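Summary of structural features
The residues making up each chain are set out below.
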Amino acid sequence: MLTVSNYHYIREDFTSQYPSIFGLTPESFKRQLIELQKIGKFISPKELLENTDEIVNSKQNYLLVTFDDGLREQFEIAKPILDDLKIEAMYFVNSINFIEKQVSLVHKIHLIRSQVSPEDLMSNFLKSTFKSKFELPEIDKKKAIEHYNFDDVSSAHLKYCLNFKLTINELSIAMNDLFNVYFDSKETVNNLYMTEEYLKILAQENQLGSHTHSHLALGLLDVDTIGTELKKTKEYLEKITQTKIEMLSYPYGNEASYAFPVPDIAKKVGYKLGFTMERGKNNGCEDKLLLKRFDCNDLVTGKNYKNSL
Ligand SMILES: [Zn+2]
């Protein structure tokens, strides 16, 4: 069987004015790897690609580390820790950060929310062209609080508007405008994402994969756009690294991100393995384009860890 642990941000300091970026410190990352080592055997992405059936059908608990989003800190902070422990991992990157030198919408949202309070964001949007989407009737306010029951009331209202009231295009326009007020796009791209040099090193070590071009939920897109999102990254990475890119992780990883016909298109485009964020171990029953992963918080030492896993 195969247990996959997925990571995003790995940094020393998560303090910000308004907490919106979450992840592991290098110490907690290392601690988790050492604990995982006690309950399974880490394999490299190459071993998995070459012996997928054998690995998922085996009684032995094989482990794989993956990273989504192509963040610079994954290469600069997490990789040296993994190298020390002789563990290889898979790094899934979005090509929009390299080809178009743009910050992914998901990161714009994280960054804006780290600098601006939910109240200020709300009043800002209430003055924008999307004003009507942010004027929540009482019934929606109630739904928002029920849905986001871990958040304070202002955050719950805001998240509900952003995620359930705006279309993806509206969200993108609203966030772009605001992002440019607070951040320099070029500087953010340089600070937040890996360099092409890093991509080449990872590819030489068979540790590079695709997280699609622009970090959209693929299952919500039309067939042509799904194809473009999957192809663009593969072609770009193959061209600059002169290697084959055959592994993919679906942005967000929930059902909306891999619904039919997404895995079929991924296969046609040439991907051999695809990773979702559906929680669970892989034991041979699953489609190879729909492998399960855990968020690192779900596994041993993680904040949502339950001993039953
Ligand atoms: Zn992602």
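Computed from a predicted structure; not experimentally measured.

Scoring rules and cut-offs
- Numbering of residues begins from 1 in every chain and follows the order in which that chain's sequence is written.
- Only residues with pLDDT of at least 70 get local features here, since the model is predicted, and only at 80 or more are side-chain atom pairs given and counted; chain-wide, interface and lining totals rely on the full set of residues.
- With hydrogens and water set aside, each side-chain value is computed from the structure's full complement of heavy atoms.
- Runs of E in the DSSP output that reach at least two residues are strands. Runs of H or I that reach at least four are helices, and both are numbered from the N terminus.
- Expected helix span is computed as 1.5 Å times (number of residues minus one).
- Two axes enter the bend calculation: one fitted to the seven residues ending at the residue in question, the other to the seven starting there, and the bend is the angle between them.
- Any residue under 20% of the maximum accessible area for its type is buried, any over 50% is exposed, and the rest in between are partly exposed; the area is computed with a 1.4 Å probe on protein chains only.
- A contact between two residues is defined here by any heavy atoms of the two lying within 4.5 Å.
- The domain limits used here are those given by an automatic or database domain assignment.
- For any pair of parts, buried area is found by adding up, for both, the accessible area (1.4 Å probe) each one loses once the two are put together.
- Salt bridges are identified by distance alone: a Lys or Arg side-chain nitrogen within 4 Å of an Asp or Glu carboxyl oxygen.
- When residues are sorted by character, Ala, Val, Leu, Ile, Met, Phe, Trp, Tyr, Cys and Pro go into the nonpolar class, Asp, Glu, Lys and Arg into the charged class, and all the rest, Gly among them, into the polar class.
- Two strands pair if DSSP finds at least two bridges between them.
- We call a crossover right-handed when, viewed with the strands running away from us, the connection from the first strand over the helix to the second turns clockwise.
- Note that water is not among the atoms used; donors are N, O and S atoms within 2.8 Å of the metal (3.2 Å for Na, K and Ca), so sites may look incomplete.
- Among buried residues, the Ala, Val, Leu, Ile, Met, Phe, Trp, Tyr and Cys ones that are joined through side-chain atoms within 4.5 Å form a nonpolar core.

Describing helix 4 (residues 72-84)
The first and last C-alpha atoms of helix 4 sit 18 Å apart over 13 residues, in line with the 18 Å expected at 1.5 Å per residue. The largest bend in helix 4 amounts to roughly 40° and is located at A78, with the proline P80 lying one to four residues further along. Within helix 4 the residues assigned to the buried category are E73, Q74, F75, A78, K79, I81 and L82. Those residues of helix 4 hidden inside the fold are in contact with strand 1 (2-7), strand 2 (9-10), helix 1 (26-39), strand 5 (62-68), strand 6 (89-93) and helix 12 (196-204). The positive-phi residue at the C-terminal boundary of helix 4 is K86, with phi of around 60°.

A word on the domain arrangement of the chain
Segmentation of the chain into domains returns domain 1 (2-103 + 197-298) and domain 2 (105-182). For domain 1 versus domain 2, the separation of C-alpha centres amounts to 28 Å. Listed as interface residues are twelve residues of domain 1 and, on the opposing side, 13 residues of domain 2. Both sides together, the interface formed by domain 1 and domain 2 hides about 1100 Å², and carbon and sulfur atoms give 61% of it. Taken as a group, Y18, S20 and V103 account for 50% of the area that domain 1 buries against domain 2, more than any other trio of residues on that side. Inspection of the domain 1/domain 2 interface yields zero salt bridges. Classifying every residue of the side of domain 1 that touches domain 2 gives seven nonpolar, four polar and one charged.

Observations concerning the pattern of salt bridges
Counted under the stated rule, the structure contains 20 salt bridges. A salt bridge links K200 to E197; the nearest nitrogen and oxygen atoms lie 3.7 Å apart. Pair noted here: K200 and E197 are both in helix 12, with a separation of three residues, about one helical turn. Residue classification places K200 among the partly exposed residues on the basis of a relative accessible area of 30%. In this structure E197 comes out as partly exposed when scored by relative accessible area, which is 47%. Salt-bridge contacts for E286 lead to K292; the nearest nitrogen and oxygen are separated by 3.9 Å. Given the relative accessible area of 16%, E286 is considered buried. Residue K292 is classed as partly exposed on the basis of its relative accessible area of 26%. Through salt bridges with shared partners, one network takes in K79, D83 and E205.

Comments concerning the pairing of strand 6
Looking along a regular strand, one sees side chains alternate from face to face of the sheet. In terms of burial, strand 6 is a largely internal element, five of the five residues being buried. Neither face of strand 6 is open: one carries A89, Y91 and V93, the other M90 and F92, and all of them are buried. Direction of pairing for strand 5 relative to strand 6: parallel, over a ladder of four bridges. Each residue of the ladder has a partner; that of T66, found in strand 6, is M90. For the segment spanning strand 5, helix 4 and strand 6, crossover handedness is right-handed. Two strands pair when backbone bridges link them, and strand 6 and strand 7 (residues 208-210) are joined in this way by three bridges, in the parallel orientation. Across the sheet, the residue bridging to Y91 is L208, located in strand 7.

Details of the coordination of the zinc ion
Every protein donor of the zinc ion is accounted for by D69 (OD), H211 (NE2) and H215 (NE2), and the metal-donor separations fall at 2.1 to 2.2 Å. Here the donor residues of the zinc ion share one chain and are spaced in sequence as D-x141-H-x3-H. Separated by 146 residues along the polypeptide, D69 in the loop between strand 5 and helix 4 and H215 in the loop between strand 7 and helix 13 (223-241) bring together distant segments of the chain. On the basis of relative accessibility, which here comes to 4%, the residue D69 falls in the buried class. The buried category is assigned to H215, whose relative accessible area is 6%.

So, the nonpolar core
Core analysis: the biggest nonpolar cluster contains 45 residues, and Y7, F29, L33, V65, F67, L82 and L199 have the highest contact counts within it. If you tally residues by element for this core, the top one is helix 13, at five residues. The contacts of L33, once residues within four sequence positions are left out, are Y7, F42, V65, I81, L82, L85 and I87. In this structure, V103, L136, A144 and L162 belong to the second largest nonpolar core, which totals 32 residues.

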